Amino acid sequence: MGGGTLPGTAATASDAESDRVVFHVDMDCFYASCERLRRPELADEPVVVGMGYEAGGTIGAVATASYEARAFGVESAMPISAALELLPRRADADPDDPDAPDPAETGRYLPVDLEFYKDVASEVKAVIRDCADTRREVSIDEAYLDVTDRTSWAVAGGGECGSDPEITDAETADPETTDAETADPETTDPPPSTAAGPADVRTLAEGYARHVKSRIEREAGVPASVGVAPNMSAAKVASDADKPDGLVVVPPGTVADFLAPLPTADVHGVGPVTERTLAEMGIETAGDLAAADPDRLAEELGDRGRALSRRARGDDERAVTPTGLPKSLSRESSLPATDDDETKRDTVSALAADVARRARERGCLYRTIGIKAVEPPFEVNTRARSLPGPVDDPDLVEAVALDLLDEFDGVRVRKLGVRVSKLDFAEGDQATLSGFDAAEQTDGEESGPSETRAATGGDGSKLTDWVGAEPTIEEDDTDDGTPGDRPRRSEEGQASLGDWE
DNA sequence: TCTGGGGTCCTAGGACCC
DNA sequence: TCTGGGGTCCTAGGACCC
(Lines give C-alpha, C1' and ligand atoms only; values in the text may rest on other atoms or scores of the structure.)
Protein backbone atom coordinates (compact mmCIF):
# COMPACT_ATOMS: atom_id res chain seq x y z
CA MET A 1 0.00 0.00 0.00
CA GLY A 2 2.43 2.55 -1.09
CA GLY A 3 1.41 6.06 -0.31
CA GLY A 4 -2.29 5.48 -0.50
CA THR A 5 -4.44 5.79 -3.52
CA LEU A 6 -5.52 8.92 -5.23
CA PRO A 7 -9.23 9.38 -5.38
CA GLY A 8 -10.63 7.79 -8.44
CA THR A 9 -7.75 5.62 -9.35
CA ALA A 10 -8.77 2.60 -7.36
CA ALA A 11 -12.32 2.41 -8.46
CA THR A 12 -11.83 -0.17 -11.12
CA ALA A 13 -8.81 -1.93 -9.82
CA SER A 14 -9.64 -5.40 -8.72
CA ASP A 15 -8.86 -7.28 -5.58
CA ALA A 16 -5.94 -6.13 -3.60
CA GLU A 17 -5.97 -2.63 -4.92
CA SER A 18 -9.18 -1.88 -3.11
CA ASP A 19 -8.42 0.09 -0.02
CA ARG A 20 -11.72 -0.39 1.64
CA VAL A 21 -11.59 -1.36 5.27
CA VAL A 22 -14.15 -4.01 6.08
CA PHE A 23 -14.67 -5.59 9.47
CA HIS A 24 -16.47 -8.81 10.08
CA VAL A 25 -17.62 -9.00 13.67
CA ASP A 26 -18.52 -12.47 14.78
CA MET A 27 -19.59 -13.15 18.33
CA ASP A 28 -17.93 -16.12 19.96
CA CYS A 29 -20.32 -18.98 20.78
CA PHE A 30 -22.88 -16.26 21.24
CA TYR A 31 -25.68 -18.09 23.01
CA ALA A 32 -23.29 -19.64 25.49
CA SER A 33 -21.67 -16.28 26.10
CA CYS A 34 -25.09 -14.77 26.79
CA GLU A 35 -25.84 -17.47 29.32
CA ARG A 36 -22.55 -16.77 31.02
CA LEU A 37 -23.35 -13.12 31.13
CA ARG A 38 -26.28 -13.73 33.43
CA ARG A 39 -24.78 -16.76 35.14
CA PRO A 40 -21.17 -15.95 35.83
CA GLU A 41 -20.65 -19.27 37.55
CA LEU A 42 -20.69 -20.82 34.09
CA ALA A 43 -17.62 -18.86 33.15
CA ASP A 44 -15.12 -21.63 32.55
CA GLU A 45 -17.56 -24.47 32.29
CA PRO A 46 -18.44 -26.43 29.21
CA VAL A 47 -21.80 -24.96 28.21
CA VAL A 48 -24.16 -26.43 25.65
CA VAL A 49 -27.21 -24.47 24.52
CA GLY A 50 -29.79 -26.67 22.86
CA MET A 51 -32.71 -25.78 20.67
CA GLY A 52 -35.74 -27.89 21.15
CA TYR A 53 -34.09 -28.94 24.37
CA GLU A 54 -35.75 -29.01 27.75
CA ALA A 55 -33.96 -29.30 31.05
CA GLY A 56 -33.15 -32.90 31.74
CA GLY A 57 -34.23 -34.08 28.31
CA THR A 58 -32.34 -35.71 25.50
CA ILE A 59 -34.05 -34.30 22.45
CA GLY A 60 -33.11 -31.25 20.48
CA ALA A 61 -29.94 -30.14 18.78
CA VAL A 62 -26.91 -28.16 19.81
CA ALA A 63 -27.37 -24.52 18.92
CA THR A 64 -24.10 -23.39 20.46
CA ALA A 65 -21.37 -25.10 22.39
CA SER A 66 -18.80 -23.17 24.39
CA TYR A 67 -15.19 -23.81 23.50
CA GLU A 68 -14.80 -25.88 26.65
CA ALA A 69 -17.61 -28.09 25.40
CA ARG A 70 -16.14 -28.24 21.93
CA ALA A 71 -13.01 -29.70 23.47
CA PHE A 72 -15.14 -32.75 24.21
CA GLY A 73 -16.19 -32.99 20.60
CA VAL A 74 -19.54 -31.30 20.95
CA GLU A 75 -20.43 -29.39 17.81
CA SER A 76 -23.17 -27.19 16.50
CA ALA A 77 -26.16 -28.98 15.01
CA MET A 78 -25.29 -32.19 16.79
CA PRO A 79 -28.26 -33.95 18.40
CA ILE A 80 -28.33 -33.38 22.13
CA SER A 81 -28.35 -37.13 22.64
CA ALA A 82 -25.02 -37.36 20.85
CA ALA A 83 -23.58 -34.44 22.76
CA LEU A 84 -24.56 -36.09 26.03
CA GLU A 85 -22.53 -39.12 25.15
CA LEU A 86 -19.45 -37.02 24.62
CA LEU A 87 -20.12 -34.69 27.50
CA PRO A 88 -22.50 -35.91 30.21
CA ARG A 89 -24.77 -33.51 31.98
CA ARG A 90 -23.44 -32.04 35.19
CA ALA A 91 -26.61 -33.00 37.00
CA ASP A 92 -25.81 -36.61 36.28
CA ALA A 93 -22.53 -36.40 38.14
CA ASP A 94 -23.31 -37.97 41.48
CA PRO A 95 -20.34 -38.20 43.82
CA ASP A 96 -21.91 -41.13 45.62
CA ASP A 97 -22.38 -43.14 42.50
CA PRO A 98 -19.23 -44.84 41.29
CA ASP A 99 -20.72 -45.19 37.85
CA ALA A 100 -21.57 -41.54 37.50
CA PRO A 101 -19.43 -39.37 35.31
CA ASP A 102 -16.55 -37.42 36.70
CA PRO A 103 -17.87 -33.91 37.33
CA ALA A 104 -14.80 -32.51 35.65
CA GLU A 105 -15.96 -34.16 32.47
CA THR A 106 -19.50 -32.92 32.46
CA GLY A 107 -21.17 -29.89 31.06
CA ARG A 108 -24.10 -27.57 31.60
CA TYR A 109 -27.02 -27.99 29.24
CA LEU A 110 -29.41 -25.11 28.79
CA PRO A 111 -32.36 -24.46 26.51
CA VAL A 112 -32.23 -21.60 24.02
CA ASP A 113 -33.65 -18.35 25.36
CA LEU A 114 -33.77 -16.28 22.21
CA GLU A 115 -35.46 -13.29 23.77
CA PHE A 116 -32.61 -12.81 26.17
CA TYR A 117 -30.02 -13.26 23.43
CA LYS A 118 -31.79 -10.61 21.38
CA ASP A 119 -31.50 -8.21 24.27
CA VAL A 120 -27.79 -8.81 24.44
CA ALA A 121 -27.51 -8.58 20.67
CA SER A 122 -29.16 -5.19 20.67
CA GLU A 123 -26.39 -3.91 22.93
CA VAL A 124 -23.82 -5.31 20.58
CA LYS A 125 -25.59 -3.62 17.71
CA ALA A 126 -25.65 -0.34 19.54
CA VAL A 127 -21.87 -0.42 19.64
CA ILE A 128 -21.65 -1.46 16.02
CA ARG A 129 -23.96 1.31 14.91
CA ASP A 130 -21.89 3.75 16.82
CA CYS A 131 -18.70 2.53 15.23
CA ALA A 132 -19.77 2.23 11.60
CA ASP A 133 -22.18 4.06 9.36
CA THR A 134 -22.19 1.37 6.74
CA ARG A 135 -22.96 -2.06 8.02
CA ARG A 136 -24.80 -5.25 7.33
CA GLU A 137 -26.18 -7.13 10.26
CA VAL A 138 -26.29 -10.64 8.95
CA SER A 139 -27.65 -12.53 11.90
CA ILE A 140 -28.08 -12.26 15.61
CA ASP A 141 -24.37 -12.63 16.20
CA GLU A 142 -22.65 -11.42 13.07
CA ALA A 143 -22.16 -8.18 11.16
CA TYR A 144 -20.06 -6.60 8.45
CA LEU A 145 -18.87 -3.03 8.89
CA ASP A 146 -17.43 -0.82 6.20
CA VAL A 147 -15.29 1.59 8.16
CA THR A 148 -13.31 3.01 5.29
CA ASP A 149 -14.37 6.49 6.28
CA ARG A 150 -13.37 6.03 9.91
CA THR A 151 -9.95 4.50 9.62
CA SER A 152 -7.51 3.36 7.00
CA TRP A 153 -4.77 0.99 6.07
CA ALA A 154 -2.21 3.55 7.01
CA VAL A 155 0.41 2.33 9.39
CA ALA A 156 -0.22 3.31 12.97
CA GLY A 157 2.09 5.66 14.76
CA GLY A 158 2.65 8.07 11.89
CA GLY A 159 4.59 5.62 9.83
CA GLU A 160 5.35 5.79 6.18
CA CYS A 161 1.92 6.33 4.81
CA GLY A 162 -0.12 6.91 7.92
CA SER A 163 -0.14 10.62 7.98
CA ASP A 164 -3.78 11.46 7.87
CA PRO A 165 -4.51 13.28 11.12
CA GLU A 166 -8.25 12.84 10.84
CA ILE A 167 -7.90 9.17 10.81
CA THR A 168 -5.71 9.05 13.81
CA ASP A 169 -8.28 11.11 15.63
CA ALA A 170 -11.02 8.78 14.74
CA GLU A 171 -9.23 6.01 16.42
CA THR A 172 -8.20 7.77 19.56
CA ALA A 173 -10.66 10.50 20.24
CA ASP A 174 -13.39 8.42 21.73
CA PRO A 175 -13.63 9.63 25.29
CA GLU A 176 -14.99 6.35 26.50
CA THR A 177 -12.03 4.49 25.32
CA THR A 178 -9.78 4.16 28.21
CA ASP A 179 -7.82 1.06 27.63
CA ALA A 180 -4.70 0.23 25.87
CA GLU A 181 -5.86 0.72 22.38
CA THR A 182 -5.97 4.46 22.72
CA ALA A 183 -2.83 4.94 24.63
CA ASP A 184 0.28 5.93 22.88
CA PRO A 185 1.52 2.91 21.03
CA GLU A 186 5.09 3.68 21.96
CA THR A 187 4.50 3.47 25.64
CA THR A 188 2.04 0.67 25.98
CA ASP A 189 3.74 -2.15 24.33
CA PRO A 190 1.06 -2.83 21.78
CA PRO A 191 -0.11 -6.36 21.42
CA PRO A 192 1.67 -8.09 18.63
CA SER A 193 0.07 -7.36 15.34
CA THR A 194 -2.10 -10.10 14.02
CA ALA A 195 -1.76 -8.83 10.53
CA ALA A 196 -1.26 -11.49 7.97
CA GLY A 197 1.18 -9.25 6.23
CA PRO A 198 4.41 -7.99 7.67
CA ALA A 199 4.00 -8.85 11.31
CA ASP A 200 5.48 -5.74 12.75
CA VAL A 201 3.22 -3.35 10.91
CA ARG A 202 0.19 -2.19 12.83
CA THR A 203 -2.32 -0.36 10.78
CA LEU A 204 -4.82 2.16 11.98
CA ALA A 205 -7.48 -0.31 10.87
CA GLU A 206 -6.16 -2.83 13.33
CA GLY A 207 -6.27 -0.29 16.13
CA TYR A 208 -9.81 0.64 15.28
CA ALA A 209 -10.84 -3.00 15.18
CA ARG A 210 -9.34 -3.49 18.60
CA HIS A 211 -11.33 -0.54 19.77
CA VAL A 212 -14.61 -1.92 18.39
CA LYS A 213 -13.91 -5.32 19.82
CA SER A 214 -13.16 -4.05 23.29
CA ARG A 215 -16.16 -1.77 23.29
CA ILE A 216 -18.38 -4.72 22.52
CA GLU A 217 -16.91 -6.70 25.33
CA ARG A 218 -17.13 -3.84 27.73
CA GLU A 219 -20.57 -2.56 26.84
CA ALA A 220 -22.40 -5.74 25.90
CA GLY A 221 -20.42 -8.08 28.10
CA VAL A 222 -19.76 -10.75 25.51
CA PRO A 223 -16.66 -11.57 23.50
CA ALA A 224 -16.28 -11.11 19.76
CA SER A 225 -13.83 -12.06 17.08
CA VAL A 226 -13.08 -9.54 14.39
CA GLY A 227 -11.67 -9.99 10.92
CA VAL A 228 -10.24 -7.00 9.09
CA ALA A 229 -9.70 -7.02 5.34
CA PRO A 230 -10.30 -5.02 2.19
CA ASN A 231 -13.44 -6.99 1.33
CA MET A 232 -16.29 -8.90 2.92
CA SER A 233 -15.36 -12.47 2.17
CA ALA A 234 -11.78 -12.06 3.32
CA ALA A 235 -12.95 -10.31 6.48
CA LYS A 236 -15.32 -13.19 7.10
CA VAL A 237 -12.58 -15.76 6.81
CA ALA A 238 -10.31 -13.62 8.95
CA SER A 239 -12.80 -13.42 11.79
CA ASP A 240 -12.95 -17.18 11.81
CA ALA A 241 -9.24 -17.70 11.63
CA ASP A 242 -8.41 -17.17 15.27
CA LYS A 243 -11.57 -17.78 17.23
CA PRO A 244 -12.40 -17.24 20.00
CA ASP A 245 -11.43 -13.72 20.96
CA GLY A 246 -9.60 -13.30 17.70
CA LEU A 247 -8.43 -10.29 15.78
CA VAL A 248 -6.98 -11.08 12.41
CA VAL A 249 -5.93 -8.39 9.98
CA VAL A 250 -5.46 -9.03 6.29
CA PRO A 251 -4.16 -5.90 4.62
CA PRO A 252 -4.69 -5.15 0.94
CA GLY A 253 -2.35 -7.08 -1.24
CA THR A 254 -2.09 -9.99 1.15
CA VAL A 255 -5.53 -11.48 0.77
CA ALA A 256 -4.68 -14.20 -1.73
CA ASP A 257 -1.65 -15.27 0.27
CA PHE A 258 -3.68 -15.32 3.45
CA LEU A 259 -6.35 -17.51 1.91
CA ALA A 260 -4.09 -19.79 -0.13
CA PRO A 261 -3.26 -22.43 2.49
CA LEU A 262 -6.81 -22.72 3.82
CA PRO A 263 -9.03 -25.64 2.84
CA THR A 264 -11.67 -24.80 0.27
CA ALA A 265 -14.38 -25.33 2.87
CA ASP A 266 -13.16 -22.20 4.61
CA VAL A 267 -14.15 -20.09 1.63
CA HIS A 268 -17.53 -18.54 2.22
CA GLY A 269 -19.96 -20.28 -0.09
CA VAL A 270 -18.21 -23.63 -0.20
CA GLY A 271 -20.29 -26.21 1.59
CA PRO A 272 -19.93 -29.97 1.79
CA VAL A 273 -21.19 -30.61 -1.73
CA THR A 274 -18.98 -28.05 -3.41
CA GLU A 275 -16.05 -29.12 -1.32
CA ARG A 276 -16.46 -32.65 -2.62
CA THR A 277 -16.85 -31.51 -6.20
CA LEU A 278 -13.73 -29.42 -5.91
CA ALA A 279 -11.79 -32.26 -4.33
CA GLU A 280 -12.69 -34.44 -7.27
CA MET A 281 -11.14 -31.83 -9.48
CA GLY A 282 -7.99 -31.96 -7.40
CA ILE A 283 -8.75 -28.67 -5.71
CA GLU A 284 -8.11 -28.85 -2.00
CA THR A 285 -7.11 -25.39 -0.89
CA ALA A 286 -8.18 -21.85 -1.56
CA GLY A 287 -4.87 -21.49 -3.37
CA ASP A 288 -5.78 -24.35 -5.68
CA LEU A 289 -9.13 -22.73 -6.20
CA ALA A 290 -7.55 -19.40 -7.05
CA ALA A 291 -5.25 -21.07 -9.54
CA ALA A 292 -7.88 -23.22 -11.21
CA ASP A 293 -9.21 -22.40 -14.63
CA PRO A 294 -12.42 -20.39 -14.10
CA ASP A 295 -13.99 -21.92 -17.18
CA ARG A 296 -13.49 -25.37 -15.84
CA LEU A 297 -14.95 -24.32 -12.51
CA ALA A 298 -17.91 -22.87 -14.32
CA GLU A 299 -18.45 -26.15 -16.12
CA GLU A 300 -18.73 -27.99 -12.83
CA LEU A 301 -20.37 -25.38 -10.66
CA GLY A 302 -22.00 -22.87 -12.95
CA ASP A 303 -21.66 -19.21 -12.20
CA ARG A 304 -20.91 -19.95 -8.61
CA GLY A 305 -17.65 -21.50 -9.72
CA ARG A 306 -16.45 -18.23 -11.13
CA ALA A 307 -17.51 -16.30 -8.08
CA LEU A 308 -15.72 -18.70 -5.77
CA SER A 309 -12.60 -18.48 -7.87
CA ARG A 310 -12.63 -14.71 -7.59
CA ARG A 311 -13.13 -14.90 -3.87
CA ALA A 312 -10.26 -17.27 -3.44
CA ARG A 313 -8.07 -14.79 -5.26
CA GLY A 314 -9.12 -12.10 -2.83
CA ASP A 315 -11.35 -10.38 -5.32
CA ASP A 316 -14.71 -9.48 -3.86
CA GLU A 317 -16.17 -6.15 -4.82
CA ARG A 318 -19.49 -6.52 -3.05
CA ALA A 319 -20.42 -3.42 -1.16
CA VAL A 320 -21.46 -3.68 2.45
CA THR A 321 -25.18 -3.00 2.23
CA PRO A 322 -27.83 -3.10 4.92
CA THR A 323 -29.98 -6.16 5.21
CA GLY A 324 -33.20 -5.67 3.33
CA LEU A 325 -36.67 -6.72 4.24
CA PRO A 326 -37.27 -10.45 4.41
CA LYS A 327 -38.24 -12.36 1.30
CA SER A 328 -40.11 -15.10 3.06
CA LEU A 329 -41.36 -16.14 6.45
CA SER A 330 -41.65 -19.71 7.55
CA ARG A 331 -42.08 -22.02 10.45
CA GLU A 332 -41.35 -25.65 10.60
CA SER A 333 -41.21 -28.28 13.21
CA SER A 334 -40.03 -31.81 13.54
CA LEU A 335 -42.23 -34.51 14.87
CA PRO A 336 -41.86 -38.19 15.51
CA ALA A 337 -42.22 -39.69 12.07
CA THR A 338 -45.88 -40.26 11.47
CA ASP A 339 -48.31 -41.03 8.70
CA ASP A 340 -51.30 -40.02 10.75
CA ASP A 341 -53.10 -37.44 8.67
CA GLU A 342 -54.89 -35.92 11.61
CA THR A 343 -51.62 -35.23 13.37
CA LYS A 344 -50.13 -33.80 10.23
CA ARG A 345 -53.05 -31.52 9.60
CA ASP A 346 -53.04 -30.27 13.17
CA THR A 347 -49.37 -29.54 12.91
CA VAL A 348 -49.73 -27.68 9.65
CA SER A 349 -52.66 -25.69 11.01
CA ALA A 350 -50.61 -24.56 13.96
CA LEU A 351 -47.63 -23.65 11.81
CA ALA A 352 -49.85 -21.77 9.40
CA ALA A 353 -51.40 -19.76 12.19
CA ASP A 354 -47.99 -18.85 13.49
CA VAL A 355 -46.62 -17.80 10.15
CA ALA A 356 -49.70 -15.71 9.43
CA ARG A 357 -49.44 -14.06 12.80
CA ARG A 358 -45.82 -13.14 12.27
CA ALA A 359 -46.56 -11.77 8.83
CA ARG A 360 -49.25 -9.59 10.27
CA GLU A 361 -47.02 -8.39 13.07
CA ARG A 362 -44.50 -7.32 10.52
CA GLY A 363 -47.12 -5.67 8.44
CA CYS A 364 -46.50 -7.75 5.41
CA LEU A 365 -48.72 -9.26 2.79
CA TYR A 366 -47.87 -12.44 0.95
CA ARG A 367 -48.76 -13.82 -2.41
CA THR A 368 -47.43 -17.35 -2.23
CA ILE A 369 -48.18 -19.97 0.37
CA GLY A 370 -46.21 -23.16 0.58
CA ILE A 371 -45.54 -26.20 2.66
CA LYS A 372 -42.63 -28.48 3.24
CA ALA A 373 -42.93 -32.14 4.08
CA VAL A 374 -39.84 -34.11 4.95
CA GLU A 375 -40.03 -37.86 4.57
CA PRO A 376 -37.57 -39.98 6.48
CA PRO A 377 -34.74 -40.15 6.27
CA PHE A 378 -34.34 -36.77 4.67
CA GLU A 379 -36.38 -36.36 1.55
CA VAL A 380 -37.52 -32.81 1.31
CA ASN A 381 -40.70 -32.04 -0.61
CA THR A 382 -41.99 -28.55 -1.16
CA ARG A 383 -45.26 -27.44 -2.66
CA ALA A 384 -46.43 -23.91 -3.19
CA ARG A 385 -49.28 -22.02 -4.68
CA SER A 386 -49.43 -18.40 -5.70
CA LEU A 387 -52.46 -16.21 -5.27
CA PRO A 388 -53.67 -13.61 -7.71
CA GLY A 389 -52.63 -10.85 -5.39
CA PRO A 390 -51.03 -10.22 -2.02
CA VAL A 391 -53.11 -10.92 1.05
CA ASP A 392 -53.03 -10.93 4.80
CA ASP A 393 -55.37 -13.77 5.57
CA PRO A 394 -54.57 -16.37 8.21
CA ASP A 395 -57.51 -18.55 7.27
CA LEU A 396 -56.32 -18.68 3.71
CA VAL A 397 -52.81 -19.62 4.76
CA GLU A 398 -54.22 -22.53 6.67
CA ALA A 399 -56.63 -23.56 3.93
CA VAL A 400 -54.01 -23.51 1.20
CA ALA A 401 -51.42 -25.22 3.36
CA LEU A 402 -53.84 -28.00 4.23
CA ASP A 403 -54.83 -28.36 0.63
CA LEU A 404 -51.22 -28.72 -0.41
CA LEU A 405 -50.73 -31.22 2.36
CA ASP A 406 -53.42 -33.46 0.89
CA GLU A 407 -50.92 -34.68 -1.61
CA PHE A 408 -49.06 -36.31 1.26
CA ASP A 409 -51.98 -38.18 2.70
CA GLY A 410 -50.77 -41.42 4.17
CA VAL A 411 -47.15 -40.46 3.70
CA ARG A 412 -44.81 -40.76 6.65
CA VAL A 413 -43.23 -37.44 7.50
CA ARG A 414 -40.83 -36.36 10.17
CA LYS A 415 -40.96 -32.65 9.62
CA LEU A 416 -43.54 -30.21 8.37
CA GLY A 417 -43.28 -26.57 7.49
CA VAL A 418 -45.34 -23.66 6.26
CA ARG A 419 -43.99 -20.69 4.39
CA VAL A 420 -45.28 -17.48 2.91
CA SER A 421 -43.29 -15.68 0.26
CA LYS A 422 -43.53 -13.04 -2.43
CA LEU A 423 -43.89 -10.67 0.42
CA ASP A 424 -45.24 -7.21 0.02
CA PHE A 425 -44.60 -4.72 2.72
CA ALA A 426 -47.26 -2.41 1.38
CA GLU A 427 -45.27 0.69 1.85
CA GLY A 428 -48.13 2.78 0.60
CA ASP A 429 -49.58 3.88 3.86
CA GLN A 430 -46.92 5.25 6.03
CA ALA A 431 -49.67 7.47 7.37
CA THR A 432 -51.23 4.65 9.31
CA LEU A 433 -49.40 5.40 12.47
CA SER A 434 -52.54 4.47 14.27
CA GLY A 435 -51.97 0.85 13.48
CA PHE A 436 -49.20 0.88 15.96
CA ASP A 437 -50.43 -1.84 18.19
CA ALA A 438 -51.54 -4.03 15.41
CA ALA A 439 -49.57 -6.90 16.79
CA GLU A 440 -52.08 -7.09 19.56
CA GLN A 441 -55.14 -7.16 17.43
CA THR A 442 -54.75 -10.63 16.15
CA ASP A 443 -58.15 -11.57 17.35
CA GLY A 444 -61.38 -10.09 16.22
CA GLU A 445 -61.37 -7.69 13.36
CA GLU A 446 -59.10 -8.39 10.55
CA SER A 447 -57.71 -4.94 10.27
CA GLY A 448 -58.39 -4.41 6.70
CA PRO A 449 -59.67 -5.23 3.33
CA SER A 450 -56.67 -7.34 2.55
CA GLU A 451 -58.57 -10.09 4.15
CA THR A 452 -59.56 -12.24 1.27
CA ARG A 453 -62.95 -13.69 1.47
CA ALA A 454 -62.42 -16.47 -0.92
CA ALA A 455 -61.69 -19.25 1.46
CA THR A 456 -64.13 -18.11 4.04
CA GLY A 457 -66.91 -17.10 1.80
CA GLY A 458 -69.44 -19.04 3.70
CA ASP A 459 -69.81 -22.00 1.46
CA GLY A 460 -68.13 -25.27 1.99
CA SER A 461 -66.08 -25.08 -1.11
CA LYS A 462 -62.93 -24.12 0.71
CA LEU A 463 -60.38 -23.06 -1.73
CA THR A 464 -61.33 -24.81 -4.86
CA ASP A 465 -62.48 -21.53 -6.20
CA TRP A 466 -60.10 -19.02 -4.88
CA VAL A 467 -57.59 -19.17 -7.64
CA GLY A 468 -58.58 -16.52 -10.04
CA ALA A 469 -61.77 -15.98 -8.13
CA GLU A 470 -60.64 -12.86 -6.43
CA PRO A 471 -59.05 -10.55 -8.91
CA THR A 472 -60.20 -7.73 -6.73
CA ILE A 473 -57.70 -8.41 -4.05
CA GLU A 474 -55.22 -6.22 -5.75
CA GLU A 475 -57.17 -3.01 -5.51
CA ASP A 476 -58.17 -3.74 -2.01
CA ASP A 477 -54.95 -4.33 -0.34
CA THR A 478 -53.19 -1.18 -1.19
CA ASP A 479 -55.16 1.11 1.02
CA ASP A 480 -54.77 -0.74 4.21
CA GLY A 481 -53.78 -4.06 5.53
CA THR A 482 -50.48 -3.09 6.92
CA PRO A 483 -50.60 -2.89 10.63
CA GLY A 484 -47.90 -0.39 10.23
CA ASP A 485 -45.61 -1.13 13.07
CA ARG A 486 -42.86 -3.09 11.53
CA PRO A 487 -41.49 -2.07 8.20
CA ARG A 488 -39.07 0.49 9.44
CA ARG A 489 -37.68 1.06 6.04
CA SER A 490 -36.96 4.67 6.60
CA GLU A 491 -34.01 4.03 8.78
CA GLU A 492 -31.54 3.56 6.02
CA GLY A 493 -33.32 2.93 2.84
CA GLN A 494 -34.17 -0.44 4.17
CA ALA A 495 -34.48 -1.25 7.79
CA SER A 496 -30.98 -2.02 8.86
CA LEU A 497 -32.37 -5.02 10.53
CA GLY A 498 -36.08 -5.16 10.76
CA ASP A 499 -35.66 -8.36 12.60
CA TRP A 500 -35.49 -7.89 16.23
CA GLU A 501 -35.70 -5.55 19.03
C1' DT B 1 -25.33 -39.21 14.52
C1' DC B 2 -29.79 -40.07 11.26
C1' DT B 3 -29.96 -33.76 11.15
C1' DG B 4 -33.04 -28.00 14.32
C1' DG B 5 -35.13 -24.03 12.49
C1' DG B 6 -34.84 -19.80 10.11
C1' DG B 7 -33.44 -17.87 6.05
C1' DT B 8 -31.08 -16.64 0.97
C1' DC B 9 -29.94 -17.46 -3.75
C1' DC B 10 -29.69 -20.19 -7.92
C1' DT B 11 -31.20 -23.39 -11.52
C1' DA B 12 -34.14 -25.95 -14.47
C1' DG B 13 -38.27 -27.05 -16.73
C1' DG B 14 -42.96 -25.95 -18.08
C1' DA B 15 -46.67 -22.72 -19.26
C1' DC B 16 -47.84 -18.91 -21.58
C1' DC B 17 -47.44 -14.91 -24.51
C1' DC B 18 -45.97 -12.33 -28.45
C1' DT C 1 -49.41 -26.62 -39.87
C1' DC C 2 -44.07 -29.51 -36.79
C1' DT C 3 -41.64 -25.28 -35.92
C1' DG C 4 -38.59 -19.71 -34.30
C1' DG C 5 -36.96 -17.05 -30.61
C1' DG C 6 -37.43 -14.25 -26.52
C1' DG C 7 -39.36 -12.99 -22.20
C1' DT C 8 -41.72 -13.73 -17.91
C1' DC C 9 -43.85 -16.17 -14.34
C1' DC C 10 -44.37 -20.24 -11.67
C1' DT C 11 -42.96 -24.40 -9.17
C1' DA C 12 -39.61 -27.64 -7.22
C1' DG C 13 -35.40 -28.72 -5.68
C1' DG C 14 -30.67 -27.96 -4.17
C1' DA C 15 -26.83 -25.74 -1.90
C1' DC C 16 -25.49 -22.85 1.48
C1' DC C 17 -25.39 -19.92 5.72
C1' DC C 18 -25.99 -19.01 10.77
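Structure: see above.
A quick note: this is a predicted structure, and the numbers were derived from the prediction, not measured.

Colleague: Give a detailed account of the protein's contact with DNA strand C, specifying residues and quantitative values.
Modeller: The environment of DNA strand C is made up of 21 residues, and the closest members are Lys236, Thr274, Arg367, Ala384 and Ser386. In DNA strand C, the atoms that sit within 4 Å of the protein are 100% sugar and phosphate, with bases accounting for the remainder. A distance of 2.9 Å separates a phosphate oxygen of DNA strand C from a polar backbone atom of Val273. Elements that contribute at least two residues to the surface near DNA strand C include exactly helix H10 (272-280) and strand E11 (379-391). Among the elements that make up the surface near DNA strand C, the one with the highest residue count is E11 (6 residues). Partitioning the surface near DNA strand C into residue classes produces 5 nonpolar, 8 polar and 8 charged.

Colleague: Let's hear about the packing of aromatic side chains: which residues, and what values?
Modeller: Scanning the entire structure with this criterion turns up 5 aromatic pairs. Ring geometry for Phe30 against Tyr31: centres 6.3 Å apart, planes inclined by 55°, an arrangement best described as tilted. Summarising the burial analysis for this pair, Phe30 and Tyr31 share the class buried. Aromatic side chains Phe116 and Tyr117 sit 6.3 Å apart centroid to centroid with 65° between the ring planes, which places their arrangement in the edge-to-face category. The same class applies to Phe116 and to Tyr117, which are both buried. Linked through ring pairs, Phe30, Tyr31, Phe116 and Tyr117 together constitute an aromatic cluster. Over the aromatic face of Phe116 sits the side chain of Arg38, whose NZ or CZ is 4.1 Å from the ring centroid. The ring of Tyr67 carries Arg70 above its face, with NZ or CZ at 4.2 Å from the centroid.

Colleague: How would you explain the protein's contact with DNA strand B if you had to name every residue and give the values?
Modeller: What surrounds DNA strand B is a group of 20 residues, the closest being Lys327, Ser330, Glu332, Arg358 and Arg414. Near-protein atoms of DNA strand B (within 4 Å) split between backbone and bases, with sugar and phosphate holding 86%. Contact between DNA strand B and Lys327: a phosphate oxygen at 2.6 Å from a main-chain N or O atom of the residue. At 2.6 Å from a phosphate oxygen of DNA strand B is found a side-chain nitrogen or oxygen belonging to Arg414. Those elements giving two or more residues to the surface near DNA strand B turn out to be helix H3 (80-86), strand E9 (328-338) and strand E12 (413-421). The element contributing the most residues to the surface near DNA strand B is E9, with 7 residues. Split into classes, the residues belonging to the surface near DNA strand B amount to 7 nonpolar, 4 polar and 9 charged.

Colleague: Outline the nonpolar core, listing residues and values.
Modeller: Within the largest apolar cluster, 40 residues are counted, with the highest numbers of intra-cluster contacts made by Phe23, Phe30, Ile216 and Val228. Elements represented by at least two residues in this core include exactly strand E1 (22-27), helix H1 (30-38), strand E2 (47-51), helix H4 (114-131), strand E6 (142-146), helix H7 (204-219), strand E7 (224-229) and strand E8 (247-249). If one sorts the elements of this core by residue count, H4 sits on top with 8 residues. In contact with Phe23, other than residues within four places in its own chain, are Ala143, Tyr144, Leu145, Val147, Ala205, Tyr208, Ala209, Val212, Val226, Gly227, Val228 and Ala235. Core analysis: the second largest hydrophobic core is formed by 30 residues, Leu325, Ala352, Ala359 and Val413 among them.

Colleague: Account for the sheet that holds E6, with residues named and values stated.
Modeller: Spatially, 5 strands are ordered E5-E6-E1-E7-E8 in an open sheet, and the strand pairing comes out mixed. Looking along the sheet, the strands with just one partner apiece sit at the ends: strand E5 (134-139) and E8. Taking each pair of neighbouring strands and ignoring which way they run, the sheet shows an average axis angle of 15°. Bridge count for E1 against E6 is 5 bridges, and the pairing is antiparallel. Within the sheet, the bridge partner assigned to His24 lies in E6 and is Tyr144.

Parameters and conventions
- Residues numbered from 1 in each chain as written.
- Chains lettered and ligands numbered in written order.
- Predicted model: local features only at pLDDT ≥ 70, side-chain atom pairs only at ≥ 80, totals over all residues.
- Heavy atoms only, no water.
- Near = heavy atom within 4 Å.
- Polar contact = N/O pair within 3.5 Å; in protein donor to acceptor, adjacent residues only side chain to side chain.
- Helix = DSSP H or I, 4+ residues; strand = E, 2+ residues; numbered from the N terminus.
- Nonpolar A, V, L, I, M, F, W, Y, C, P; charged D, E, K, R; others polar.
- Phe/Tyr/Trp six-rings, centres within 6.5 Å; stacked < 30°, edge-to-face > 60°.
- Buried < 20%, exposed > 50% of the residue type's maximum accessible area, 1.4 Å probe, protein only.
- Lys NZ or Arg CZ within 6 Å of the ring centre and 35° of its normal.
- Core = buried A, V, L, I, M, F, W, Y, C linked by side-chain atoms within 4.5 Å.
- Contact = heavy atoms within 4.5 Å.
- Pairing = 2+ DSSP bridges.
- Axes fitted to C-alpha atoms, helices over the stretch in contact; angles between N-to-C directions.

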